[in-house]
Amino acid sequence: MTHSVLIVDDSRVSRMMIKARMQAVHPDWTYLEAGSGDEALTMVAAGAPDYLTMDMNMPGLTGFEAAEQIRAIAPSVYMVMLTANIQESSRAKSEAMNLKFVQKPITDASIKQVLDHFTAAA
Amino acid sequence: MKLDELALDALTELFNLGVGQAASAFSQIAGDTVQLTVPRVRIMTHGELSHYLGEGGTTAVSAVRQRYSGAINSEAVLMFPAERGLQLVQMMVGGELPLDQLAEMEQEALSEIGNILLNSVMASVADALQIQLDGSLPTVELSHVDSVLNGQHEAGGAVLMIDIQFEVAAREVKGLLAFLLDVASQDALEQLIARFVAGA
Amino acid sequence: MTLTDAPFTDAGVPMTEGAGSVPWPLVALVHLQAGILILDAAGKVVFVNEWFLKRCGMAADALVGHQLTEVFDRPATASFARRLALSQKTGFPAMLSHSLHAPPLPLYMPHLIGHAAAILSQSVHIIPMGKWTAQRHDQAYTLVQVTDVTPTVRRESLLRTRADEMELMARVDALTGIGNRRAFSESLDTEVRAAMRTGTPLGLLMMDIDYFKPYNDHYGHPAGDRCLREVATMLQRVVRRPRDRLARYGGEEFVVLLPGTPVDGVLEVGREVIEQMRKLRLPHLARQGGDIVTLSVGAASIVPKHIDEAGTLLRKADDALYEAKAAGRDRLCYAPTVKTDPSVV
C-alpha cells in the first residue's frame, strides 16, 4: 500500500538524502518536501501526508512549534523528529509531546529507524 | 574555493551536525543546556580575510588552535574576543566565580572547549566524507586576530568562517570558528563534497 | 627495577621490539613525573607506569588486562569514560581540564591513598596512538597521560586570596578603615549610572574638619590621626543606610554618597553630622571661634542625565563646602545657585 511522506528540513541536501534513502526502501511512496516549518504547515493544510519527518533547528518556526501546530490541524499525520539536536532537554521534550526522535547523521541505519517508527504506527 | 549552493548547503549541514554533538558534550560539563547556533558557513580567500579582519584585525582574542591532516590538511581555530573567553568559561563552570578569579583556569578550560568543538565538527565532516584525519592537541593563544589567523597561510588558500554563538542559562557568548585550508586541501574538499552530494 | 635493557615485566605487558629487549630510553617511563597508561582498542590497560601505580595504590597486575573505566573501587568518572570512548571513535586527541571536571581518576597523594581530601587535581590527555600502532600491531592503542596539577591549583588559590586582600587594601583607607578616594570614585560612577537609569536623585555631602592643620601642628600628628579616626567612627554611626557610601576623600576631608536622597534628606543627614561632631567635644585649643573640633559641610543633590554630571555633583558639594567655610565654619551649606560650569564664576 502506498504512502505519502512530507520531509521537513531547511537543508536541501538533507532532504535529498532522506528522500533517496527512503525511496530505496519504498520506491512506490510519494515524497514531498518543505524547507521550513511554515511551508510544512501550508502543505499539510492543503493535504495531509501519512508520514512526516521534522528537523528541529530551523529558522522561523522550530521543529517543535511546527509539530504542535500540525498536530492541531492534522492529528492523523505520523511525525518523527529527525535531527542533529541530541540534547537531553530535546529528547525529554519529544517524549513529553509523544513524538518519536531519531538522531542524525542521515544514514541507512537512521532512516531505517524512522521507517520502523512509521510502520509501527500503522 | 568554489562551492555551489548545494555543496555549501551540505557543508553547513555537516558543520551543524558536529556542532550539535559538541553542544551535547558542553551541556554535560555545564550541567545545564548549552545551545550552540551556527547561522551559516562563509567561504573567504585569504585576501578577503585580511580585508574582513582589517577593522577587527587588532582585536585581542583568546584562540584555541588544532591541526588536522590526512585527505584534507587544515588549521582550525576557535576565537573569542579576549574577555568573552573568560565569560564562556564562567558560564561552563557555573557562573558564581568572578571573572578575575577565573583567569588562571581560563587557558586550560578554553583549551578543552576548543578541543571539543573543533573535534566534533571535524569528526562530523570526516565521517560524512568518508575520510580519515589525524588531529593534534589544542594550543591556546592569547593575542590578536590578525596574528592568529595570518600566522601561516598559503596565497590562494581558502578559509571557512563560521560565526558561532554559545548560550547557557540565558547568557550568550559569540565567537568565530575558522578553518584554514591550503590549495590542495581546498581542491580535495571540493571533490569530496561533490561526491557526497552526488551520493545523496 | 634496575636500569638494564630487560623488558618491563613488573609494569605490565612488555613493549618489545624484535627479540625480547626494549630500547633502554623507554626505562625513563619508570622515572617520569606524570602518569602514563596505554590502553588497547577495547579500553583494557596494556601498560601503566610507576608514577600512576604509586598514586592509585595498586599493583601492575591488578590493572593490566582490565578495563580502565571499571577496574577501580572508586571508578573513573563518567566524563572520562565518555571522552575516552569518543576519542577512540574519532581518532582525535582529547583532554579533560582540571577546571571543568571533578578528578577523573582515583589518584591520591602516595601516603594518603583513598582519602577524599588527598585526591589529586588532574589534567588528563587522551591521545590515540594513531595509524602507526595499528599497522605495526594488531589494533589501535590509546595513550592516557595524567598530570598532577594540585600544586598549581593550590597556588592559584593562594594567589587569589592574596589578590582579594590587595584589592581590599587598595580600596580602604588604612588609617580609618573606611573607603578611600579610589573606592569612592568607583562608587560615584556606579551610583550616577544607577540614578540615571532610575531617574532618582543622588545626594552628596562633602565634609572637612575645621582648622585641621593647626590641630596637627599643636597636638602632633599621632593626635591628628586619632582625631581622624574618631571623626570616621562618628560618621559611620550617622551614615547607616546600606547603600550610603562613606569615604575619606583627602587629608581631612570626608565624603558620603547618598543614593535616592533628595535635597531635604541630604540636609537632614548633614545636620546630624554637624550635631554629632559637636557632641564629641574633642578639644581643639589651637583654633579660632571655638574650642572643640567641628566640621564644615557642603551638601548637594542632583538627578543626573549624563555620566559627566558626576563632576557636577562634586563641584556643587565642593562649592557649598567653600561657602560653609567662608560663612564661619561649623555649619552646613547648600548652594542651589552654584553655577555648574566651572569656567563661569
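Residues numbered from 1 in each chain as written. Chains lettered and ligands numbered in written order. Predicted model: local features only at pLDDT ≥ 70, side-chain atom pairs only at ≥ 80, totals over all residues. Heavy atoms only, no water.

K.L.:
I would appreciate a short explanation of the sheet that holds strand β9 (residues 295-302) of chain C in the present structure.
P.N.:
Hydrogen bonds along the backbone pair up the strands of a sheet, which may run parallel or antiparallel. Residues and elements named next belong to chain C. Overall, mixed pairing links the 5 strands, which are arranged β7-β8-β6-β9-β10 in an open sheet. Each edge of the sheet is formed by a strand with only one pairing partner; in this case those strands are β7 (245-248) and β10 (332-334). Taken over all neighbouring pairs, the strand axes of this sheet differ in orientation by 20° on average, direction set aside. Relative to β9, strand β6 (residues 202-209) runs antiparallel, the two sharing 8 bridges. When the bridges of β9 are listed, Leu-204 appears paired with Ala-300. Sheet contacts for helix α10 (residues 263-280): β6, β8 (253-259), β9 and β10; angle to β9, the most-contacted strand, approximately 170°. Along the sheet face, helix α11 (residues 309-326) touches β6, β8, β9 and β10 and points at about 145° away from the line of β9. (Pairing = 2+ DSSP bridges. Helix = DSSP H or I, 4+ residues; strand = E, 2+ residues; numbered from the N terminus. Axes fitted to C-alpha atoms, helices over the stretch in contact; angles between N-to-C directions. Contact = heavy atoms within 4.5 Å.)

K.L.:
Got a minute to help me understand unusual backbone geometry in this structure?
P.N.:
Negative phi is the rule for most residues except glycine; trans is the rule for most peptide bonds. Residue and element names in this part refer to chain A. For the peptide bond that leads from Lys-104 to Pro-105, omega is 10°, which places it in the cis range. Within the secondary structure layout, Pro-105 lies in the loop between β5 (100-103) and α5 (108-121). One non-glycine residue with positive phi stands out, namely Asn-98, at about 55°. Of note, Asn-98 is situated in the loop between α4 (88-96) and β5.

K.L.:
Please clarify how the packing of helix α2 (residues 37-46) of chain A against helix α3 (residues 63-73) of chain A should be interpreted in this entry.
P.N.:
Helices that pack against each other are described as a pair by the angle of their axes relative to one another and the distance between those axes. All names here are of chain A. Their axes nearest at 10 Å, the elements α2 and α3 cross at an angle of 10°. Between α2 and α3, the interaxial angle falls into the category roughly parallel. Here Gly-37, Ala-40, Leu-41, Val-44 and Ala-45 of α2 lie close against α3, whose contacting residues are Ala-66, Gln-69, Ile-70 and Ile-73. (Parallel < 35°, antiparallel > 145°, perpendicular 65-115°, else oblique.)

K.L.:
Help me out: how do you make sense of the interface of chain B and chain C in this one?
P.N.:
Many analyses report the size of an interface as the accessible area lost when the parts associate. With 25 residues of chain B at the interface, the matching set in chain C holds 20 residues. Around 2,100 Å² of area is buried between chain B and chain C when both sides are counted, 57% of it from carbon and sulfur atoms. Here chain B is connected to chain C by 1 salt bridge. We note a salt bridge from Glu-112 of chain B to Arg-83 of chain C, for which the minimum N-O separation is 2.9 Å. At the boundary of chain B with chain C, the tally comes to 8 residue pairs in polar contact (both at pLDDT 80 or more). At the level of secondary structure, the elements contributing two or more residues to the side of chain B that touches chain C comprise α1 (5-30), α3 (82-93), α4 (99-129) and β5 (133-135) of chain B. (Buried area = accessible area lost by both parts, 1.4 Å probe. Salt bridge = Lys/Arg side-chain N within 4 Å of Asp/Glu carboxyl O. Polar contact = N/O pair within 3.5 Å; in protein donor to acceptor, adjacent residues only side chain to side chain.)

K.L.:
Where do I start with the sheet that holds strand β2 (residues 30-34) of chain A in this structure?
P.N.:
Residue and element names in this part refer to chain A. Taking strand neighbours across the sheet as the criterion, the 5 strands line up as β2-β1-β3-β4-β5 in an open arrangement whose pairing is parallel. Unpaired on one side and paired on the other, β2 and β5 mark the two borders of the sheet. Looking at each pair of strands side by side, their axes are set apart by 20° on average, direction ignored. Across 4 bridges, strand β3 (residues 51-54) lies against strand β4 (residues 78-83) in parallel orientation. Bridging from a neighbouring strand, Tyr-51 pairs with Tyr-78 of β4. Contacts from helix α1 (residues 12-25) reach β1 (4-8), β2, β3 and β4 within the one sheet, and its direction differs from that of β2 by about 170°.

K.L.:
Would you mind going over the side chain of Ser-143 of chain B with me for this structure?
P.N.:
Residue and element names in this part refer to chain B. Here Ser-143 lies in strand β6 (residues 139-144). Residue Ser-143 is classed as buried on the basis of its relative accessible area of 18%. A polar atom in the side chain of Ser-143 sits 3.4 Å from the side chain of Glu-141. Not counting chain neighbours up to four residues away, the residues in contact with Ser-143 comprise Thr-59, Ala-60, Val-61 and Val-148. (Buried < 20%, exposed > 50% of the residue type's maximum accessible area, 1.4 Å probe, protein only.)

K.L.:
Would you mind showing me how to read the interface of chain A and chain B here?
P.N.:
On the chain B side, the residues contacting the 16 residues of chain A number 17 residues. Across the chain A to chain B interface the summed buried area is about 1,400 Å²; carbon plus sulfur atoms make up 57%. In this structure, the connection of chain A to chain B is made through 1 salt bridge. Of the charged contacts in the structure, one is a salt bridge between Glu-13 of chain B and Lys-104 of chain A, with a shortest N-O distance of 2.9 Å. Run the count over chain A and chain B and you get 5 residue pairs in polar contact (both at pLDDT 80 or more). Here the element with the most residues in the side of chain A that touches chain B is α1 of chain A; it accounts for 6 residues.

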